[in-house]
Amino acid sequence: FLLSLGGLLLVSIADDLIWLFLALELASLPTYVMVAMSRGSIRAQEAAMKYFFLGAMSAAMFLYGFALLYGATGTLVLTEMQASFADQIARGELSVLAIVGMLLALLGIGFKLAAVPMHIYAADVYEGAAVHVTAFLGFVPKAAGVIAFMILLSTLGWQDGVGLPAPILIMLWVVSVLTMTLGNIAALLQKSVKRMLACSSIAHSGYLLIGIIAGPGAGFNAAMLYLLIYGLGNTASFAVLSSLQRGGAELESVEDLAGLRHKHPWSATAMAISAGSLLGFPPLLGFWGKLALFIAGIASGRLVLVLIAAINSAISAWYYLRLVGLPLMADRNERSEAVESIHVPWPRL
C-alpha cells in the first residue's frame, strides 16, 4: 500500500523518462500483490494473474514508446525533450518517430486509467479482489495515469499557442469517447455491484480525458478536481460494500442492497450520496466536478466532446439511480435480509 502510494508521489515529480517509468511501475507492481493476497480464493489469484500479464503488456508498450521518444529527441530529460519538439514544430512538423512514440506511450499508460483499449482487465480484477483493494485500484493507479498523461503531453504542445499535433489529438478524442461510452454501456449490463462500479470507473476515465484534452489551466485544474471528487465518491461506495457482509462473504449482487435502510440506515444513506455524486447529481460534489470539466471542454472548443459526455452522463443515470434507489426505497428481499454489518468499525467511519 505504501509503496504504491510512494510510486504515485514520485510520478508527480518525474523529470525524465526513466524516473517516470520507474515511478509508474512502483505505483502498479504492489497492486498486483495486493490483489493476489487480498482474498484466500482462486478468484483473487486469477484476477491477479490477468492484471499482472496485462500490466506487463502495457508496460512494454509505453516503454517502447519512451524508446522511440528518445530516438526522436536524443534525450530522456523532459524539459530538453520539450525544447526538441518545439524546434521540430518550428521547422514544420513533428517527426513520425515522435508521434508514434507518444501514441504508444499514451496507449500503454492508458492501462493505469483503465481507458479503452487497455480496459479489459477492470471488471474481472475489481470483482476478484477484496473490496478494500478494489477501492484502492479505482483511484491510485488512475491518479498516476492522469498525472503521467499531463507530464508527457506538456512536452508536445500548448507552448506559444501551439496545440497538440492532430494524430495525438484524434487519438485522445477517440479514446475518450470510446472509454466513456463502452464503460457506461457495460455498467448497464452488470448485476454484480463490484463489476458495475468497475465499468463506471472506466467511464470516468473518459470524462477525465476531456480535461486533459482541454490542456493546462482550466483543463488540467478541472481534471485534478474531478479526480479528487471521483476518488472520494468511489472510495465511499466501496467503503459501504466493505462494511457489509452476507453469510460471512462480500456482497455480490446489486439486489443485496435492496431495503438497506431498514437495518443499516447510515450505510444506505452513504451509498446513495456517493452514487449520486458519481452520477453528478446537484448539489453533490460530483456535479461541480463535471461542471468544471464541461466548462473547460467548451472553453477549449471541444463542444461535441462535451455533448457526448453529457449524453453518457444521462446513460449512467440508469445504473447510478439504482444504487441510490435500492438502498433507500426498495423493499427487502430474501438476499438483503441476510446482509449484516461487519464487526470492524473503520469502513463505516
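Provided above is the structure to which this section pertains.
Residues numbered from 1 in each chain as written. Predicted model: local features only at pLDDT ≥ 70, side-chain atom pairs only at ≥ 80, totals over all residues. Heavy atoms only, no water.

Moving on, we come to the overall build of the protein. A tally of regular secondary structure across the protein gives 15 helices and 2 strands. In terms of overall size, the protein behaves like a compact globule, its C-alpha atoms giving a radius of gyration of 21 Å where 349 residues would be expected to give roughly 20 Å. Projected onto its principal axes, the C-alpha coordinates of the protein cover approximately 70 × 40 × 30 Å. Counting only residues that meet the buried cut, the protein has 56% of its 349 residues in that class. A sequence separation of at least 24 residues applies to 77% of the contacts in the protein between residues at least 6 apart. As presented, the protein carries roughly 14400 Å² of accessible surface, and 71% of it is formed by carbon and sulfur atoms. If the 18 positive side-chain charges of the protein are averaged to one point and the 18 negative ones to another, these points end up 9 Å apart. (Helix = DSSP H or I, 4+ residues; strand = E, 2+ residues; numbered from the N terminus. Rg over C-alpha atoms; globule rule 2.2 N^0.38 Å. Buried < 20%, exposed > 50% of the residue type's maximum accessible area, 1.4 Å probe, protein only. Contact = heavy atoms within 4.5 Å. Areas by Shrake-Rupley, 256 points an atom, 1.4 Å probe, with all protein chains shown as cover. Lys, Arg positive; Asp, Glu negative; His and termini not counted. Charge placed at Lys NZ, Arg CZ, Asp CG, Glu CD.)

What follows deals with a nonpolar patch on the surface. Together, Leu 228, Leu 232, Leu 285, Trp 288, Leu 291 and Ile 295 make up a nonpolar patch on the protein surface, roughly 580 Å² of accessible area in all. The biggest single contributor to the nonpolar patch is helix 13 (residues 285-299), with 4 residues. Mapped onto the elements, Ile 295 comes out in helix 13. The exposure class of Ile 295 is exposed, given its relative accessible area of 51%. (Patch = residues over 30% accessible without salt bridge, like charges linked within 9 Å, V, L, I, M, F, W, Y side chains within 5 Å. Salt bridge = Lys/Arg side-chain N within 4 Å of Asp/Glu carboxyl O.)

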